Amino acid sequence: MEATMMVVGSTIGSGVLGLAFASRNAGWPVLLTWLVVAGFFSIISMLYVAEATLRTTRPLQLSGLAEKYVGKIGSWLIFFSVGATSFCSLIAYTSGCGKILSEFFGISLEMASCLFALGATSVVWLGLKATGVAEKYLSSGMTAMLILLVGASLFSARVPVADILYTHWMYAVPVFNIAVFCYAVQYIVPEISRGFTHEPGKLVPSILAGAGISFVILALVPLAVFLMLPVDEISEVASLSWGRALGSPVFFVIVNAFAFCAMLTSFWAIAESFLTNMIDRLGFKSETDIRTRAACLAFIVIPPVLLAYSGLVGFVNAIFSAGTFGGIIMSILPVFMLRSSRKHGDKKPCWQCGWIAHPIMQTLVVLLFASAGVYAILSLCGWLPAAW
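The model shown is predicted, which means the values in this text are computed figures rather than measured ones. (Residues numbered from 1 in each chain as written. Predicted model: local features only at pLDDT ≥ 70, side-chain atom pairs only at ≥ 80, totals over all residues. Heavy atoms only, no water.)

Check the secondary structure of the protein and you find 14 helices and 0 strands. Across the protein, helices and strands are ordered from the amino to the carboxyl terminus as α-α-α-α-α-α-α-α-α-α-α-α-α-α. In terms of C-alpha radius of gyration, the protein reaches 20 Å, essentially the compact-globule figure of 21 Å for 388 residues. Taken along its principal axes, the extent of the C-alpha atoms in the protein is 60 × 45 × 40 Å. Sequence-distant contacts in the protein: of pairs separated by 6 or more residues, those separated by 24 or more amount to 83%. Counting only carbon and sulfur atoms, one obtains 70% of the accessible surface of the protein, whose full area is about 15,800 Å². If you average the places of the 21 positive and of the 17 negative side-chain charges in the protein, the two averages end up 10 Å apart. (Helix = DSSP H or I, 4+ residues; strand = E, 2+ residues; numbered from the N terminus. Rg over C-alpha atoms; globule rule 2.2 N^0.38 Å. Contact = heavy atoms within 4.5 Å. Areas by Shrake-Rupley, 256 points an atom, 1.4 Å probe, with all protein chains shown as cover. Lys, Arg positive; Asp, Glu negative; His and termini not counted. Charge placed at Lys NZ, Arg CZ, Asp CG, Glu CD.)

What follows is the structure, encoded as C-alpha cells:
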C-alpha cells in the first residue's frame, strides 16, 4: 500500500489541477483518450525500469541504472531530466500550497510557502519509510475526498453531459504533452524498489495499482470540473473555480484540502527521489550521513522557494519547458536500459516484461515520446497554435 501510494503521490500533483484548463478547448473526450495512450506507454516505460532494477544487485537510482546500462551520457541525461522535472514541480507545489495556506490562515504568501516547505521537508528528512507511511495515509484521504467531490459534482452538475462531449482534435497534441508530464514518474520505480529488497515480487503489482488509481483520478477531476463549470469559467488551477462552483463553504474547504494533499504527496515523493538520485549520481556519502542529507535537501528545497517569488517568470517558464523534455527523456531512455540490462544484468529477475518488451512496442515508445518532444520544440518556436 505504501509503495502504491508513492506512485499515486508522485503522479497526482499540480498537473491534475491544470488538466481541465489545458483541455478545455480540445474537450474531455480528447483528454481521456490521451490519458489512456500516455498512461499505457508511460506504464510500459516504468516497467522497463522495473525489470532493469530487478536485474541489478545494487540498489541504484534511475541515474545510477542509466550509467550502468547506457553509459555516462545517458546517466547525465536522466539526472538532468529528474532534476528539471523536480525543480519545475517543486516550484509549482511550493507556490500552490503557499497560496492555500495564505488564504486559510491570513499570512503572507512568502511566509506560508516557507512554512509549507519546512513542514514538507521534515517528512523527507526522516527517510523512505516515513515518506511511504505519510504517502499511504494522505493519499488514501485524498482518494476519499475525491470520491466525495466527484459525487457532489455529478449530483449537482450545472453543465449537461451532452455539452462536455465535444472534441476539437486540432488542439489535441499539446494535451498529450501535459498528460506525459503527469505520468513522468519513472524515477520513483528504483526508489520504491529499495523498500522491496526482500520482497521484489511486490514491485510490479505496486506500480500497476498506483498507475491505475492515478488514471482514475486524472480522468475524474477534469470531468467533475467540466460538469460544474462552462468552458469560459474554468480557471488555470481547477480547485479555485471548482470549489466556488460547488457552492457550499464545506466543499470549498474540501476541494482546497484535496489540492493541498495532491501537491504535498507529490512534493514528498519527488524530493525523496531527487535526494537519492543526487547522492547516487554525484558520488556523495551515504544518504544517512547528516551533513550530506542536509546539504542535498537544502539544494533541492531552497531554490524552488526563492524562484517561486523571485519574479523571474521567464526563468520559471524555462524550467517548465525543461521539465517537459525531462519527462520525454525519462520515458525513452528506459527502452535502451532494458535492452542493455538483458545483456549485462547481474542476475535473473523474478519478473520480466513479456510482450510489452517486443521490439515493435519499444519502437512505439520511442516514436511516441520523441514526437511529443518535436511538437514541444515547434510550439516553443511559435510555429504551432496554442491549445489553451
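This is not the end of the story, as more comes after the structure.
Tyr48, Ile188, Trp242, Phe258 and Phe267 are the most contacted members of the largest nonpolar core, which totals 130 residues. Looking at this core, the element that brings in the most residues is helix 11 (residues 249-282), giving 18 residues. (Core = buried A, V, L, I, M, F, W, Y, C linked by side-chain atoms within 4.5 Å. Buried < 20%, exposed > 50% of the residue type's maximum accessible area, 1.4 Å probe, protein only.)

Under the criterion given, the structure shown has 2 cavities of 30 Å³ or more. Lining the largest cavity are 14 residues; nearest its centre among them are Ser10, Ser89, Tyr93, Phe181 and Cys182. Counting only elements with at least two residues in the lining of the largest cavity, the list comes to helix 1 (2-11), helix 2 (14-22), helix 4 (62-105) and helix 7 (172-183). No other element matches helix 4, which puts 3 residues into the lining of the largest cavity. (1 Å grid on protein atoms, 1.4 Å probe; cavity = no way out; pocket = protein on both sides within 12 Å on 5 of 7 lines; lining within 4 Å. Points joined across faces, edges and corners; volume = space filled by probe spheres on them.)

The geometry of an aromatic ring pair comes down to the distance between the two centres and the angle between the two planes. Summed over all chains, the structure comprises 9 aromatic pairs. On the basis of an interplanar angle of 80° and a centroid distance of 5.8 Å, the ring pair of Phe87 and Phe274 is categorised as edge-to-face. One end of the pair, Phe87, is in helix 4; the other, Phe274, is in helix 11, with 187 residues separating them in the sequence. Residue class for Phe87 comes out buried when judged on its relative accessible area of 15%. A relative accessible area of 2% places Phe274 in the buried class. One Lys or Arg, Arg24, reaches over the ring of Phe21 and ends 4.0 Å from the middle of that ring. Cation over ring: Arg281 sits above Trp76, and NZ or CZ is 4.5 Å from the ring centre. (Phe/Tyr/Trp six-rings, centres within 6.5 Å; stacked < 30°, edge-to-face > 60°. Lys NZ or Arg CZ within 6 Å of the ring centre and 35° of its normal.)

This part covers a nonpolar patch on the surface. Taken together, Trp76, Leu282 and Phe284 make up a surface patch of nonpolar side chains, about 280 Å² in accessible area. Its location among the elements puts Trp76 in helix 4. (Patch = residues over 30% accessible without salt bridge, like charges linked within 9 Å, V, L, I, M, F, W, Y side chains within 5 Å. Salt bridge = Lys/Arg side-chain N within 4 Å of Asp/Glu carboxyl O.)

A word on the layout of surface pockets. Its boundaries defined by the atoms lining it, the second largest pocket holds a volume of some 310 Å³. Arg58, Pro59, Leu60, Gln61 and Asp280 are the residues nearest the centre of the second largest pocket, which is lined by 16 residues in total. Only helix 4 and helix 11 provide two or more residues apiece to the lining of the second largest pocket. At 4 residues, the largest contribution of residues to the lining of the second largest pocket is made by helix 11.

Turning our eyes to something else, we now look at helix 12 (residues 290-308). With 19 residues, helix 12 should cover 27 Å at 1.5 Å per step; its first-to-last C-alpha distance of 27 Å lies within 8% of that length. For helix 12, the complete set of buried residues consists of Thr292, Arg293, Cys296, Leu297, Ile300, Val301, Pro304, Val305 and Leu307. (Expected span 1.5 Å × (residues − 1).)

Inspection of the secondary structure assignment puts Asn277 in helix 11. Here Asn277 falls in the buried class, since its relative accessible area comes to 0%. Residues Asn277 and Leu31, spaced 246 residues apart in sequence, show a C-alpha to C-alpha distance of 32 Å. When neighbours within four sequence positions are excluded, Asn277 is seen to be in contact with Gln61, Leu62, Ser63, Phe79 and Val82.

For the structure shown, the criterion picks out 10 salt bridges. Its salt-bridge partner being Arg293, residue Glu272 comes within 3.7 Å of it at the nearest N-O pair. Here the residue Glu272 occupies a position in helix 11, and Arg293 occupies one in helix 12, the gap between them amounting to 21 residues. You'll find Glu272 and Arg293 in the same group, each marked buried.

Before going further, it helps to examine the packing of helix 10 (residues 238-245) against helix 11. Between helix 10 and helix 11, the least distance of the axes is 8 Å, while the angle of their chain directions is 160°. Classified by the interaxial angle, the pair formed by helix 10 and helix 11 is roughly antiparallel. Where helix 10 crosses over helix 11, the handedness of that crossing is right-handed. Listed contacts from helix 11 to Ser239, Leu240, Trp242, Gly243 and Arg244 of helix 10 are Phe252, Val255, Asn256 and Ala259. (Axes fitted to C-alpha atoms, helices over the stretch in contact; angles between N-to-C directions. Parallel < 35°, antiparallel > 145°, perpendicular 65-115°, else oblique. Left-handed = near helix turned anticlockwise from the far one by under 90°.)

This part is about the packing of helix 6 (residues 128-155) against helix 11. Helix 11 packs onto helix 6 with a crossing angle of 150° between their chain directions and a minimal axis gap of 9 Å. One way to sum up the angle between helix 6 and helix 11 is to call them roughly antiparallel. In this structure, helix 6 crosses over helix 11, and the sense of that crossing is left-handed. Of helix 11, the residues touching helix 6 (which contributes Leu128, Thr131, Ala134, Glu135, Leu138, Ser139, Met142, Met145, Leu146, Leu148, Leu149 and Ala152) are Phe251, Ile254, Val255, Ala257, Phe258, Cys261, Ala262, Leu264, Thr265, Trp268, Ala269 and Glu272.

Here we take up the confidence of the model for the protein. Per-residue pLDDT for the protein averages 85, and the proportion of residues at 70 or more is 95%. Ranking the elements of the protein by mean pLDDT puts helix 13 (residues 313-344) last, at 77, and helix 3 (residues 28-54) first, at 95. (pLDDT = per-residue confidence, 0-100.)

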